[in-house]
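Spelled out from the first residue to the last, the chains are:
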Amino acid sequence: MQELKKTAIAAGVAQAVLLASGALFGHAAFAADNAKPETNTVVVVGQRAALASAQKIKQDADEIVDSVVADDIGKLPDKSVTEVLQRIAGVTIDRTLNRADPQQGVGDGINHFAAEGTGVSIRGLSLVRSELNGRDAFSANGGRSLSFEDVPPELMAGIDVYKNPSAEQIEGGIGGLVNLRTALPFDHKGRKVAFSVEAARSVLRGKNSPAFSGLVSDRWDTPMGQFGALLDVAHSRLNTRSDGMQVSPYIPLTNAVKGDTSGKQYWVPPGGGWTSNNFERDRDGLYGALQWKKDSLSSALTYFRSKYKMHSTENALFSTTNPLSIVLDPGATFDDKGALLMGTMRAPKEPGIGVGTDSRAVGRDADTRDLAWNLQWRANSQWVFKTDVQRTTATTSGWDNTIGLDGYAPKESMNLATSPATLVFDAQDRAFLGDANNYYWSFAQEHRDHAVASQNAARIDAKYTFENPVLNDLRFGVRFTDRKAETRSTHDSEWSQITQSWAVGDSWQPLNSFAYLKDPRFAGNNMVHAFNNFFGGKVATPPSVVVPDPSMVVGTPPEAFAKLHGYTQLVCKAPCPDWIKWSPAPYGDDKGLNVQNERTKAAYAQLRFGFEDLPYPVDGNVGLRVVRTDMSATGYTLFSPPNAQVPGVPLIAAQSDKQSFDNSYTNYLPSLNLRMKAGSELQFRAAFAKGMTRPEFYQMQAYTTLSQNVHTHQDTVTKTTVLDSVDYSGNARGNPMLRPTQSSNIDLSAEWYFGRTSSLTMAVFNKRLKDIIIGRTTAYTLNDNAGQPHDFLITAPVNGAKGRATGVEIGYQQYFDRLPGWLSGFGVSGNYTYIDSRLNLGKPVGGVWCTPKDTNEANMARDLAGCDTDGHLLGGVPMTGLSKNAMNFALLYDQGPWSARVAYGWRSKYLQAVNGWGTAGNNGVDLNPASPNKGGAYTVNYALPTWGGAYGQVDMGMHYKVDENFTVAFEAQNLNNALYKQYMQQQIGLKERGSFYTGRRYTLQARYSF
């Protein structure tokens, strides 16, 4: 497959030589594996014409498709591809920085807001394929599709979303297929030049962000044929801030109120916290196209590059309190289910309420490059042949560093009756939190990762046109790919203690004392952070807190880490054991490397037909696609003993086992698309198909980590550490033997086109899925030094569920041309989607408890259905990422030089994860009457399903065309100052987990074209 890259480059050199002979650059009559002529029209005359073009694409397409077309050169209606996609019926996006690949981060992205959105789903399914001009397109994100937020929208001419692709299209998108279309030189009649500049401002961040884009395109007639060239560049910067308030999971406590000895059970969160995150993003794009055509031959060479650079900094306060140590002051109030509403917490058996603060810095660079060449030969009036070769490379590098301080506050007051929740602090509390002498150096965490993904692809297609009143044409072809994915990351000891409470004591503990900042040896390198203008002033300003100096978390790893971990040895008892000494997290060795290779071979045949003589003409296509997949993976199973050598804990030697896997499968994917025309305006469609989506690459990683988790508490009298329990867990980041998720799809639609920009459409769909990938628990056994076996319970992805997604989509758009005068410029556009889903987990989860903990049955029940903090099984979880209701509505105006849009997008709540970061833990209290651990501390390994709350946002844009060439614009995002909320599912109801606020953004833009 390396020859494919050489072929593409050689073809490009040959075209450049031809151009130097008397033309210039060129592009092709077709731009892709499956590009359609009608989808390559560039519209340059405004919003109304863009809607008309998108409507025409939908009306004439062979399949069920929805489109968005740029209303000017490089002018999609939103500021990111992700935000554009959410305007399409059936398409939704997530609003968190949740990164799927567990090697690319520390796993807490679900707790961070994304201003531009992430995670595109179609009809509730995240199993979405991405294409660039009909070819495979992907990022090195551990998945199979693009990170759409990485792609510059300024380079796009349009976006097509196929809901039920045909056999002719590349396999892999059960949810749907997103095709990003760029402009081609022959799309313009002659020379075209356009450029734009803009400045954006985030109100909460208070910082301006520049952007610019430019396009030059031309075409020439020469004796050697017609040549065309296009160059498109774009750059944009985003500066935002998001503030967050979060509440810990509610824990069941008895006698929780001081003086109450009734034994009544209450549900109390052991604290809350707040965060402020500054986010900066640079996005660059470069696109070039060469096009040539002479007689029956046409050819194209395209190059696309997208660069994404992100950096964020964060300061936060969070709770570190042992739930069983909490006592509420008299006067605390509770709801009818016993959940705390308002109260003041203290921890009389501890030095105080445990709190922590941190400084954090996160960065990521991503780069995707695509080089493609194609050739088309029209042999005669009936035969057309096409060839296409492509080379795609993608890289990403990330880092994430955190330093934490801990301390003990006298008390913490919470008001959970408000939304967002409110943490109340009096003058004494504020003074305490703002005093560096009350904090000690607690922990540091480092992370690095680097991933490379590449693919060579080649295909040959042919089309034979029949001279027959029924048979239109037969299309057939073959496609070959060779794809490789490598991910390298830090491993073993990313998180490490500096002076943690479990390591300080008078018994076996290695440390004499905490590294308090009031000690001259440990002073400095900190600052007081004020949460100014928190939530834009819409909630009470939290107290200022002491945080590590932000400069200390810069670097990979930061130089300050060695100094901070030197504090550990300064308070360490002699002789200081080796296990307490710090060393950087291993990086660059084979143990942190995952390598996967995948080759595919596909063949298809598709027949297009039409019965035009029927009273209601019917046309369509029927086809079959067969694809063979061969993959291999290499990775490690790793175990590192815990740092703390607590008496009574079995000693198990470190493990490092290298493993290799091979997996192959063949899929047969038939499809049938029918269209009946009931007149020039009304038509009906029916589509039937089988689809498949291969597992994401991160799901096939052969990488397993094992952990021996030691739980202790400090005796308040003897000041010694007491061993509570030891559990053995593990996490398999992937399963290289996974099979594809498969679906059987049915779509029915009715479409009424009663004007050039006027339509009313309705579609109903049903997708039945099998081999859905879910997490399940198995056992992996290691022997300790005494020869005793210990079962590590490993959660790993498996093909273990079936599901169904059934729904309806309704779309409507119209301009009211018959209204008098300036009123005739008004129009509306809207859509609504309803989806009902069912998830069958295959193996029924029995019983009502997920305890005693650390058993295979308990962990499996937790991972499949969720487990409450008291050990109760939760259940009733739907498919992740699926909102039952979603809608978009836009008020439009186009009249003379004015064009405007006010758009509102909304989706109902949706499940983000069953076992997600922040709502899963091990500090639950087991209330299972049959459990030997009943009533004990740290006796439940719970997982509360995390839900994204209903979210609606108002955006607007206003454009004024000064003359035929010059346009100015004003745009605004999140005009309604929407809050994004998350909830955690417990038996006492959906409790608010967190709220995030990012505020409004405004943009001024000037565009010039000729």
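A few points on the structure. Within any chain, residue numbers begin from 1 and follow the written order of that chain's sequence. Whole-chain, interface and lining totals are the exception, using all residues; otherwise, since this is a predicted model, local features are given only for residues with pLDDT of at least 70 and side-chain atom pairs are given and counted only at 80 or more. Excluded from the side-chain calculations are hydrogens and water; all other atoms, namely the structure's heavy atoms, are used.

### What about helix H5 (residues 560–570)?
Selection criterion: Think of it in three bands: with a 1.4 Å probe and only protein chains considered, a residue is buried below 20% of the maximum accessible area for its type, exposed above 50%, and partly exposed in between. Secondary structure elements are taken from DSSP: a helix is a run of H or I of four residues or more, a strand is a run of E of two residues or more, and numbering for both begins at the N terminus. The directions considered for the arc are those from the helix axis to the C-beta atoms. It only takes one pair of heavy atoms within 4.5 Å for two residues to be counted as in contact.
Residues of H5 that are buried include every one of Ala560, Phe561, Leu564, His565, Tyr567 and Thr568, and no others. The buried residues of H5 occupy an angular sector of 125 degrees when the element is viewed end-on, so they sit on one face. Tucked inside the fold, the buried residues of H5 contact strand S19 (383–409), strand S22 (439–465) and strand S24 (495–497).

### Concerning the packing of aromatic side chains
How we decide: Any two of the Phe, Tyr and Trp rings considered here, Trp counted by its six-membered ring, make a pair once their centres fall within 6.5 Å; the pair's planes then place it as stacked at under 30 degrees, edge-to-face at over 60, or tilted in between. Ring-over charges, as used throughout, are those where CZ of Arg or NZ of Lys falls within 6 Å of the ring centre and within 35 degrees of the ring normal.
Evaluation of the coordinates by the stated rule reveals 31 aromatic pairs. Note on Trp274 and Phe531: the rings are 5.9 Å apart at their centroids and 85 degrees apart in plane angle, and the pair reads as edge-to-face. Linking Trp274 in strand S13 (residues 272–294) with Phe531 in the loop between strand S25 (526–529) and strand S26 (545–548), this pair joins segments that are 257 residues apart in sequence. By relative accessible area, Phe531 is classed as buried at 2%. Through pairs of rings, three or more aromatic residues link up here, namely Trp274, Phe425, Phe531, Phe534, Phe535 and Tyr997. Of note, Arg483 hangs over the ring of Phe138, and the distance from its end group to the ring centre comes to 3.8 Å. Lying across the ring of Tyr910, Arg907 places its NZ or CZ 3.6 Å from the centre.

### Description of the side chain of Ser489
Locating Ser489 in the fold gives a position in strand S23 (residues 471–489). On the basis of relative accessibility, which here comes to 0%, the residue Ser489 falls in the buried class. Ignoring any residue separated from it by four or fewer positions in sequence, one finds Ser489 in contact with Gln103, His447, Arg448, Asp449, Pro586, Tyr587, Gly592 and Arg733.

### Observations concerning the state of the cysteines
Basically, it comes down to this: We call a pair of cysteine sulfur atoms a disulfide when they lie within 2.5 Å.
Evaluated as defined, the whole model comprises two disulfides. Disulfide pairing is shown between Cys572 and Cys576; the S-S distance is 2.2 Å. Its S-S torsion of about 95 degrees marks the bond between Cys572 and Cys576 as right-handed, since a negative value means left-handed. Owing to a relative accessible area of 12%, Cys572 belongs among the buried residues under this scheme. Along the protein, the cysteines engaged in disulfide bonds are linked according to the scheme 1-2, 3-4 when indexed in sequence order.

### Some remarks on unusual backbone geometry
Note that the residue after Thr556, namely Pro557, is joined by a cis bond; omega there is -5 degrees. By the element assignment, Pro557 lies in the loop between S26 and H5. Cis geometry is adopted by the peptide bond preceding Pro575, which originates at Ala574 and carries an omega value of -5 degrees. Among the secondary structure elements, Pro575 is positioned in the loop between H5 and strand S27 (593–611). In this structure, Asn255 takes a positive phi of about 50 degrees despite not being glycine. Looking at the secondary structure, you find Asn255 in the loop between strand S11 (251–254) and strand S12 (265–268).

### Let's talk about the sheet that holds strand S5 (residues 135–136)
By definition, the strands of a sheet pair up through backbone hydrogen bonds, in either a parallel or an antiparallel sense. Filter applied, for reference: Pairing between two strands is assigned when DSSP locates at least 2 bridges connecting them. Only the contacting stretch of a helix is used when fitting its axis, a line to C-alpha atoms as for every element, and angles between N-to-C directions run 0 to 180 degrees.
Strand order in the open sheet formed by five strands is S1-S6-S7-S4-S5, with mixed pairing between adjacent strands. Both edges of this open sheet fall to strand S1 (65–69) and S5, since each of them pairs with a single strand only. Across two bridges, the pairing between strand S4 (residues 128–132) and S5 is antiparallel. By the bridge assignment, Leu132 is partnered in S5 with Arg135. In the packing of helix H2 (residues 47–60) onto the sheet, the strands contacted are S1, strand S6 (158–162) and strand S7 (176–181), and the crossing angle to S1 comes to about 160 degrees.

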